[in-house]
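Residue strings, one per chain:
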Amino acid sequence: MSQKNTQQNTVLELWEMLLRYRWRFILPAFAVTIGVLGMSMFLPRKYKSEAMFERRTDMVLTEMTAKGATRNFQEPRNSLIQEISGRQAVDELITQIEPELSRLGLLNSELDRQVLETNVVRSTIVHWDVASGALDRVRVEYINPNPKVAQLVVNGLVTNYIRRTQFAMDQRLNESADFFRQEVVKNRTIIDGLETKLLEFEINNGDLLPESTNSVQERLNARETELQDTIARRDAAIVRARTLQDAIAETPATIPEIITAPNPELTRLSEKYRTLTDQLTQYTDVMKMKSAHPDVIALKQRVADLKTVMDKTDKTIVAQEQHKTNPKLAELELQHTQAIGDREALTRQIEVVTDQVATMSAKTGNMFPVRSGYRKLNRQVDQAQRQLAFWEDNLRRVDMTLAAETGNRGIQLDFIKRGDIGAKPVSPNLAQVLMAAIGLGFMAGVLSVFFAHRTDESFASGDELAKTFDLPLLGTVSELISRQHRKARRVRNLILYPTNALLMVAALIAMAAILYLDLEKPDTLVALKAKASWIFELPPAEASQSTLMSDTEKMD
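Thresholds, definitions, all that
Residues numbered from 1 in each chain as written. Predicted model: local features only at pLDDT ≥ 70, side-chain atom pairs only at ≥ 80, totals over all residues. Heavy atoms only, no water. Helix = DSSP H or I, 4+ residues; strand = E, 2+ residues; numbered from the N terminus. Contact = heavy atoms within 4.5 Å. Areas by Shrake-Rupley, 256 points an atom, 1.4 Å probe, with all protein chains shown as cover. Buried < 20%, exposed > 50% of the residue type's maximum accessible area, 1.4 Å probe, protein only. Pairing = 2+ DSSP bridges. Axes fitted to C-alpha atoms, helices over the stretch in contact; angles between N-to-C directions. Salt bridge = Lys/Arg side-chain N within 4 Å of Asp/Glu carboxyl O. Patch = residues over 30% accessible without salt bridge, like charges linked within 9 Å, V, L, I, M, F, W, Y side chains within 5 Å. Parallel < 35°, antiparallel > 145°, perpendicular 65-115°, else oblique. Left-handed = near helix turned anticlockwise from the far one by under 90°. Nonpolar A, V, L, I, M, F, W, Y, C, P; charged D, E, K, R; others polar.

A short note on the overall build of the chain
Reasoning step 1: A tally of regular secondary structure across the chain gives 17 helices and six strands.
Reasoning step 2: A separation of at least 24 residues holds for 82% of the contacts in the chain among residues at least 6 apart in sequence.
Reasoning step 3: Only carbon and sulfur atoms are counted for the fraction: they give 57% of the accessible area of the chain, which is about 36,500 Å².

Here it is, written out as structure tokens:
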């Protein structure tokens, strides 16, 4: 709490001190502020001119033309700055604008040239408004006391950079085109050699290639399949021969032949059976006997017994028996002879096919190296053809780019804003001058108050006097002022001080306005000066008449 009171007391003391020595603060502050504003009127003016260009990069074309070219245009910022405002670029620029500078009287000796060159190198500012892989928007700024020189410098630097870059791009494209043509010729020669080698390879190893319709591998597979089938057929012939041999051994050389004849007993019984049947028909149909008649019953019984006897009697009997050659044995012997012949033929065929399989197997031992070499040659041919297509495509695009009139050479440069002659100076800056004037005036007023307070030996109050001399304070008497002094003080406080304050404020405003017109609206200030000088040069009547006419024109 005591610290807060101390701070408040300090602030109050400072405020009282400021009120006590207010004119000690106002007058130095006003003098210094007016002095700074007045001095700024005579400071040298500097004008800025800026130019802007865009740099559009075709990444595909740029990367494509990077092969075979001696220069890479993917430049870092420092390289671009050197290209625009380096010592060599500035020297070229000054050589170009030297006649114009000499005409203006700004370049009269070699020393002036060196000074200007150093100033351009140091004062030129290059910065990016937009920076990306496809688009760069670059701003070039230069400050010089002469606005015409500033304009010539920025426009010349940008124009020279664009011209040099376009020339370098054309040179780079021509180098790339020559490189692509050499690569096309070289790859065509490589392809011709590889195709010749591939043809010789196919002629010498045609049956070992995978694309062959009758390759060794296919014939080997067919022969192995044929060999297995022949072996199976031979084994089957051997088994069949053995089976027929066993069947021949079991088959007799002759077989008995039996001649049969009808059984006469059966013929007799059949005749008797037919007689009894006719007799039974006679009894039932002609004589009309009933079935219960004893003769009919007895006849039926005799017919049934005779039928039973006929069923038991053989139909044929052996009339004669003789022996003859067995035909099955001859057939078996013939089949056995054929089986032996098939076995021997298949055995010989197996030997021939086995030799062929062995020969083909020995030949297929080189199949994998041959096929590997063949595939390698095919890959080399395909790769060379792809490389040839790549170089031909690049060459075609470069030729089209060189033939085009659009100016697109991989990097397209557009001068989108040319530098103008600066209408107002950039140095000194109005805001900085005002801040400096106010700041220096305030510091001068504070220093004046400080020294006035330090050198003032008077006492402002009785308490201060008693405290200084360690005396008891009995009382204080107010200031004795006469009526004349009171009237003079009232006039001073009510008229003189406000008038002085108004004059000071008016002077400050007038100086600030003049400085504003000088720094921000120089064209308006020049017009006002010309108008004022024209009015002052006329006689009073003509001046008033011209003023009246100008006022009338403004009203119109």
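Don't stop here, the text continues.
Points about the side chain of Ser 40
Reasoning step 1: With respect to the helices, strands and loops of the structure, Ser 40 is situated in helix α2 (residues 22-40).
Reasoning step 2: When near neighbours in sequence (up to four residues on either side) are disregarded, Ser 40 contacts Arg 45, Pro 428, Val 433 and Leu 515.

What to know about the environment of Ala 232
Reasoning step 1: Checked against the element boundaries, Ala 232 lands in helix α8 (residues 216-250).
Reasoning step 2: Take Ala 232: its relative accessible area is 43%, and that puts it in the partly exposed class.
Reasoning step 3: In this structure the C-alpha to C-alpha distance between Ala 232 and Leu 346, which are 114 residues apart in sequence, comes to 9.6 Å.

Concerning the sheet that holds strand β6 (residues 411-417)
Reasoning step 1: Strand order in this open sheet of four strands is β2-β3-β1-β6, and the pairing throughout is antiparallel. With partners counted over all chains shown, the strands left at the sheet margins are β2 (125-131) and β6, one partner each. Neighbour to neighbour, the strand axes of the sheet diverge by 25 degrees on average, direction disregarded.
Reasoning step 2: The sheet strands contacting helix α6 (residues 110-123) are β2 and β3 (135-144), and the helix crosses β3 at an angle near 135 degrees.

Here we look at the pattern of salt bridges
Reasoning step 1: Taken as a whole, this structure holds 24 salt bridges when the rule is applied.
Reasoning step 2: Arg 163 is the partner of Glu 92 in a salt bridge, and the nearest nitrogen-oxygen pair spans 2.4 Å. You can see Glu 92 sitting in helix α5 (residues 87-104) and its partner Arg 163 sitting in helix α7 (residues 147-204), a full 71 residues away along the chain.
Reasoning step 3: Notably, a salt bridge pairs Arg 268 with Glu 265, separated by 2.2 Å at the nearest N-O pair. Taken as a pair, Arg 268 and Glu 265 lie in helix α9 (residues 264-286) at a separation of three residues, close to a single helical turn.
Reasoning step 4: On the basis of relative accessibility, which here comes to 46%, the residue Arg 268 falls in the partly exposed class.
Reasoning step 5: Within the structure, one salt-bridge network assembled from shared partners comprises Glu 50, Asp 129, Arg 139 and Lys 417.

Describing a nonpolar patch on the surface
Reasoning step 1: On the surface, Trp 15, Leu 18 and Leu 19 cluster together into a nonpolar patch covering about 280 Å² of accessible area.
Reasoning step 2: Looking at the element boundaries, Trp 15 is found in helix α1 (residues 2-20).

What about the packing of α2 against helix α13 (residues 430-455)?
Each pair of packed helices gets described by two things: the angle between the helix axes and the distance between those axes.
Reasoning step 1: Where α2 meets α13, the axes come as close as 7 Å, and the angle between the chain directions of the two elements is 150 degrees. One element, α2, and the other, α13, form an angle in the roughly antiparallel class. Read as a crossing pair, α2 and α13 show a hand that is right-handed.
Reasoning step 2: Broken down by class, the residue content of the contact of α2 with α13 amounts to 16 nonpolar, five polar and one charged.

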